[in-house]
Amino acid sequence: MSATKEKIVAFMALEFPQTKCVVEAVDENGATLAHDIGVNELRPGGTVSGPVLMSIADVAIYVAILGKIGIVPLTVTTSLTINFLRKPSAQARIIADCTLMKVGRTLIVGEVSLYSEGSSDMVAHVVGTYSVPPKLV
């Protein structure tokens, strides 16, 4: 049972109104999100901070999972690994392209490529594992 982009956007607005991530696309294999970058997202040196990049990737995997299995709010991150590849632009949105690599009954693994909008050079690569709660019947 999957969820549409519209259902996910409505769920995120209700449950995560603090997120600055914008859902651009969702299908049964992944999701694309964007995040505006401003002064609050920068660290010394004029680059996007690591925690902001990790947050965007985490939300992208979560949204992709909801697109695949439906709205299951208690799906949680169990592991998140990030490789920072190059300095992201401080003047461009961050784009997160997520692909679900393995969808199991209790664990789901997703991969995220992060880009500065307008560039094809990846700024970070992320792999995350999520735990899906057991169905209560």
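Residues numbered from 1 in each chain as written. Predicted model: local features only at pLDDT ≥ 70, side-chain atom pairs only at ≥ 80, totals over all residues. Heavy atoms only, no water.

The helix and strand tally for the protein stands at 2 helices and 8 strands. For the protein, the α and β elements follow one another from N to C terminus as α-β-β-β-β-α-β-β-β-β. Scaling as 2.2 N^0.38, a compact globule of 137 residues should have a C-alpha radius of gyration of about 14 Å, and the protein matches this with 15 Å. By principal-axis analysis of the C-alpha atoms, the protein measures approximately 50 × 25 × 20 Å. Per-residue burial for the protein yields a buried fraction of 41% across its 137 residues. Pairs at least 24 residues apart make up 62% of the contacts formed inside the protein by residues separated by at least 6 positions. Carbon and sulfur atoms make up 56% of the accessible area of the protein, which totals about 7500 Å². In the protein, the 11 positive side-chain charges and the 12 negative ones have mean positions that sit 6 Å from each other. (Helix = DSSP H or I, 4+ residues; strand = E, 2+ residues; numbered from the N terminus. Rg over C-alpha atoms; globule rule 2.2 N^0.38 Å. Buried < 20%, exposed > 50% of the residue type's maximum accessible area, 1.4 Å probe, protein only. Contact = heavy atoms within 4.5 Å. Areas by Shrake-Rupley, 256 points an atom, 1.4 Å probe, with all protein chains shown as cover. Lys, Arg positive; Asp, Glu negative; His and termini not counted. Charge placed at Lys NZ, Arg CZ, Asp CG, Glu CD.)

On any regular strand, side chains alternate: one points to one face of the sheet, the next to the other face. The buried fraction of strand 2 (residues 30-35) is high, at 5 of 6 residues. Sheet topology places strand 1 (residues 21-27) next to strand 2; 6 bridges connect them, and they run antiparallel. Among the inter-strand pairings, V26 is bridged to a residue of strand 2, identified as A31. From the end of strand 1 to the start of strand 2, which pair antiparallel, there are 2 residues. The pairing of strand 2 with strand 6 (residues 94-103) spans 6 bridges and is classified as antiparallel. The partner of A31 across the bridge, within strand 6, is C98. (Pairing = 2+ DSSP bridges.)

Before going further, it helps to spend a moment on helix 2 (residues 50-69). For helix 2, built from 20 residues, the straight-helix expectation of 28 Å at 1.5 Å per residue is met to within 8% by its first-to-last C-alpha distance of 29 Å. The element helix 2 is largely enclosed, with a buried count of 14 among its 20 residues. Looking one or two residues past helix 2, G70 carries a phi angle of roughly 95°, positive in sign. (Expected span 1.5 Å × (residues − 1).)

Topologically, N83 is positioned in strand 5 (residues 76-84). Spatially, the C-alpha atom of N83 lies 9.9 Å from that of M54, the residues being 29 residues apart in sequence. Setting aside its immediate chain neighbours within four residues, N83 contacts V123, A124 and H125.

With that out of the way, let us pick up the nonpolar core. Core analysis: the largest hydrophobic core is formed by 35 residues, its most contacted members being L33, V63, V112 and L114. Listing elements by their share of this core, those giving two or more residues are helix 1 (5-15), strand 1, strand 2, helix 2, strand 6, strand 7 (107-116) and strand 8 (122-131). Here this core gets 12 residues from one element, more than from any other, and that element is helix 2. Those residues in contact with L33 that lie beyond four places of it in its chain are C21, V22, V23, E24, V59, A60, V63, I94, I95 and A96. (Core = buried A, V, L, I, M, F, W, Y, C linked by side-chain atoms within 4.5 Å.)

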